[in-house]
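Architecture and fold: a report
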Amino acid sequence: MTGAYSFICDFSSTDTLCARLNQLAWQWHLGDSYWYGDYVAAQPFPGVRIRIVDFPGRTDTGYRYESDIRIDKTARRR
């Protein structure tokens, strides 16, 4: 199962966003994908992956990032 979300924040780069997220919770890391470019990702629980894709769009109040959450249903049953 996958869900897609967007959010607005003050950080204009994935490097800065990753550093801030690591101050808050979980363990975030930078990655690079042929399809998505740079991204920030975390695996907060077994079978759950959160990914925030780079290339944010500028808005009046900050930068809009696209993200997705993937839940592996088989991992939750273990």
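To keep things clear, this report deals only with the structure shown in the data block. As the structure is a computational prediction, the values presented were derived from the model and not from experiment. All residue numbers refer to positions counted from 1 along the written sequence of the respective chain. The predicted origin of the model limits local features to residues at a pLDDT of at least 70 and limits the giving and counting of side-chain atom pairs to 80 or more, whereas totals for whole chains, interfaces and linings rest on all residues. Each side-chain value is derived from all of the structure's non-hydrogen atoms; neither hydrogens nor water enter the calculation.

Here we look at the overall build of the protein chain
- Put simply, DSSP marks the helices as runs of H or I at least four residues long and the strands as runs of E at least two long, and each gets a number from the N terminus on. The number of helices and strands found in the protein chain is 2 helices and 5 strands.
- When its helices and strands are written in sequence order, the protein chain yields β-α-β-β-β-β-α.
- Over its C-alpha atoms, taken along the principal directions, the protein chain stretches across nearly 45 × 25 × 25 Å.
- Three labels apply to residues, based on accessible area from a 1.4 Å probe with only protein chains included: buried if under 20% of the type maximum, exposed if over 50%, partly exposed otherwise in between. Counting across all 78 residues of the protein chain, residues that qualify as buried make up 37%.
- Nonlocal contacts in the protein chain, meaning residues at least 24 apart in sequence, comprise 41% of its contacts between residues at least 6 apart.
- Counting rule applied: Lys, Arg positive; Asp, Glu negative; His and chain ends not counted. Note on charges: their place is set at NZ of Lys, CZ of Arg, CG of Asp or CD of Glu. Of the charged side chains in the protein chain, 10 are positive and 9 negative; the average position of the first set lies 12 Å away from that of the second. Only heavy atoms matter for contacts: two residues are in contact if any of them lie within 4.5 Å across the pair.

Looking at helix α1 (residues 14-24)
- Of the positions making up α1, those classed as buried are Thr14, Leu17, Cys18 and Leu21. Each buried residue of α1 lies within a common arc of 100° when the element is viewed along its axis, so the set occupies one face.
- Just downstream of α1, Trp26 is the residue with a positive phi angle, here 60°. To obtain the arc, one takes the directions from the helix axis to the C-beta atoms.

Notes on the nonpolar core
- In terms of nonpolar packing, the biggest core is built from 10 residues, these being Cys9, Leu17, Cys18, Leu21, Trp28, Val40, Ala42, Ile50, Ile52 and Tyr65.
- When residues of this core are traced back to their parent elements, those giving at least two are α1, β3 (37-42) and β4 (48-58).
- With 3 residues, α1 is the single largest residue contributor to this core.
- Those residues in contact with Leu21, other than ones at most four positions away along the chain, are Trp28, Val40 and Ile52. To define a nonpolar core, start from buried Ala, Val, Leu, Ile, Met, Phe, Trp, Tyr and Cys residues and group those joined through side-chain atoms within 4.5 Å.

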